[in-house]
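Structure at a glance
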Amino acid sequence: MAFKRMEGFVGSVPQGFIDSRVKICPLCGTTNPHWAIDQKMQLKMEGNLYLFQCERCKGILSSPVPDVTGYNNTILTTTGLLKRMSGKKNGVIYLRIFDAGSNDKMRSLVGKEFTLEEINQMGIEEKDSDSGSGGKYY
Ligand SMILES: [Zn+2]
């Protein structure tokens, strides 16, 4: 995988998304995750994935490309409809913990999916419990 900052027009959508929506890394609590991006092709109905890697802990979040680009905001698209049928809300962005990076206590969360809201909440809690004494997660 080759993570890099995506500057310029082509990368502006995912880079702008992660930089503006996830300002605190949910895994290590840094307020300057300086997200790098990679794209993962996969033959799944949810579409390809964007991978977002925190510069500090190397933890990785993932989200289906259509979620990030806003394509799933309507059920009029195939992937949007699929998302609705799988019990998710359209217009709500889900991020999966793809890799816990250097955060051993987050290892159990790998593969789990959270809403953008929950991800941000995790970041705030992680930042507050900076000592690493292990906060509560749900
Ligand atoms: Zn981090």
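Rules behind the numbers
Residues numbered from 1 in each chain as written. Predicted model: local features only at pLDDT ≥ 70, side-chain atom pairs only at ≥ 80, totals over all residues. Helix = DSSP H or I, 4+ residues; strand = E, 2+ residues; numbered from the N terminus. Buried ≥ 20, exposed ≤ 12 C-beta atoms within 10 Å, placed from the backbone. Contact = placed C-beta atoms within 7 Å. Pairing = 2+ DSSP bridges. Axes fitted to C-alpha atoms, helices over the stretch in contact; angles between N-to-C directions. pLDDT = per-residue confidence, 0-100. Expected span 1.5 Å × (residues − 1). Arc of directions from axis to C-beta.

**Details of the overall build of the chain**
Looking only at helices and strands, the chain features 4 helices and 5 strands. If you list the helices and strands of the chain from N to C, you get α-β-β-β-α-α-β-β-α. Classification of the 138 residues of the chain by burial places 33% in the buried group. Taking all contacts inside the chain whose residues are at least 6 apart in sequence as the whole, residues at least 24 apart take part in 47%.

**Focus: the sheet that holds strand β1 (residues 36-40)**
Read from one edge to the other, the open sheet built from 5 strands follows the order β1-β2-β3-β4-β5, with strand pairing classed as antiparallel. The open sheet has two edge strands, β1 and β5 (113-115), and neither has a second partner. Recorded for the sheet is a direction-independent mean angle of 30° between the axes of neighbouring strands. As paired elements, β1 and strand β2 (residues 49-53) share 5 bridges and run antiparallel to each other.

**Some thoughts on the confidence of the model for the chain**
Scored by pLDDT, the chain has a mean of 84; 80% of the residues are at 70 or more. Per-element mean pLDDT across the chain ranges from 69 in helix α3 (residues 78-85) up to 96 in β2.

**Things to note about the pairing of strand β4 (residues 94-99)**
Relative to β4, strand β3 (residues 60-64) runs antiparallel, the two sharing 3 bridges. Bridging across to β4, Ser62 finds its partner in Arg96. As judged from the 3 bridges shared by β4 and β5, these two strands associate in the antiparallel manner. The residue of β5 that forms the bridge with Arg96 is Glu113.

**As for helix α4 (residues 116-128)**
Given a rise of 1.5 Å per residue, 13 residues ought to cover 18 Å, and the 19 Å separating the end C-alpha atoms of α4 matches this to within 8%. Burial in α4 covers these residues: Ile119, Met122, Gly123 and Glu126. The buried residues of α4 occupy an angular sector of 100° when the element is viewed end-on, so they sit on one face. Seen from the buried face of α4, the exposed residues on the opposite side, beyond 90 degrees, are Glu117 and Asp128. On the buried face of α4, the contacting elements are β4 and β5.

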